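# Tertiary structure, described
Chain by chain, the residues:
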Amino acid sequence: MEYISSDTNIWLDFAVIDRLDLPFRLPYVYLMDSDAIEDELLNPPDIGDRLVKKGLQKTELTEEEFLLAEALTSKYTKPSLYDCIALAIAKVRGITLLTGDGPLRKAAREEGVQVIGTIY
C-alpha cells in the first residue's frame with residue numbers, strides 16, 4: 001500500500017458529491033493530521049468520524065514535521081497552517097500530497113513533493 005498525505009479540501013469535495021467512499025477503493029492509505037481532522041473537518045458534522053471509519057488514518061506530527069510546518073507557514077503566505085502540516089508530512093515521509101488547493105499545490109512543487117488532485 002502506498003501512503004498519501006491529504007489536506008481537508010479533498011474530503012469536503014467528495015462530501016459535496018456524496019462519494020466519500022470513492023478514494024478508499026484505491027490501493028492507498030490516506031494520512032491526515034489528527035488535529036486537522038478535529039479542527040477542519042466540521043461540516044457535515046460527522047465527516048471526520050465517517051472518514052476515519054472508512055480508513056483515513058489519523059497521524060501525529062513528528063518533531064521534524066512540526067518544525068518544517070512552522071517554517072513552511074513563514075515561507076508561503078497562502079496555504080493555511082493545516083495545509084503546511086499536510087505538506088510537511090508528505091515531504092518528511094517522502095510520500096505524495098493529495099490536494100486540490102492551488103497555493104498548496106504550488107508550494108508542494110516548489111518543495112519537490114509529488115502532488116496529485118482528485119482526478120489525479
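This write-up is about the structure you can find in this document. (Residues numbered from 1 in each chain as written. Predicted model: local features only at pLDDT ≥ 70, side-chain atom pairs only at ≥ 80, totals over all residues. Heavy atoms only, no water.)

## Quick look at helix α3 (residues 47-54)
The line we're drawing: A simple rule labels every residue: compare its accessible area, found with a 1.4 Å probe on the protein chains alone, to the largest value its type can have, and call it buried under 20%, exposed over 50%, or partly exposed in between. The numbering of helices and of strands both runs from the N terminus, where a helix is a DSSP run of H or I of at least 4 residues and a strand a run of E of at least 2. The arc refers to the directions leading from the helix axis to the C-beta atoms.
Buried residues of α3: I47, G48 and L51, and no others. The buried residues of α3 occupy an angular sector of 100° when projected down its axis, which confines them to one face. Opposite its buried face, α3 presents the exposed residues D49 and K53, each directed more than 90 degrees away. Looking one or two residues past α3, G55 carries a phi angle of roughly 135°, positive in sign.

## Some details on unusual backbone geometry
Of note, D18 is a non-glycine position whose phi angle comes to about 55°, a positive value. Examined against the element boundaries, D18 turns out to sit in the loop between α1 (8-16) and β2 (28-33).

## Examining the pairing of β2
Applicable threshold: The criterion for strand pairing is that DSSP finds at least two bridges linking the strands in question. With the strands pointing away from the viewer, any crossover whose connection runs clockwise from the first strand over the helix to the second is right-handed.
Most of β2 sits out of view: six of its six residues are buried. Pairing analysis gives four bridges linking strand β1 (residues 2-6) to β2, with the strands arranged parallel. Paired with Y3 across the strands is V29, a residue of β2. For the crossover from β1 across α1 to β2, the handedness is right-handed. Note that β2 and strand β3 (residues 57-59) share three bridges and pair parallel. Across the sheet, the residue bridging to L31 is Q57, located in β3.

## Considering empty space enclosed by the protein
Cut-off, in case you're wondering: Site definitions follow a grid-based scheme: protein atoms alone, a 1 Å grid, a 1.4 Å probe that fits but cannot get out for cavities, and for pockets an open set with protein on both sides within 12 Å along at least five of seven lines, plus lining residues having an atom within 4 Å of a point. Grid points are joined across faces, edges and corners, and a volume is the space filled by probe spheres set on the points.
A full pass over the atoms with the stated rule returns one cavity of 30 Å³ or more. Taken as a whole, the largest cavity holds about 40 Å³ of empty space. Lining the largest cavity are 13 residues; nearest its centre among them are S6, M32, A36, Y82 and A86. Those elements giving two or more residues to the lining of the largest cavity turn out to be β1, β2, α2 (34-40) and α5 (81-93). If you tally residues by element for the lining of the largest cavity, the top one is α5, at five residues.

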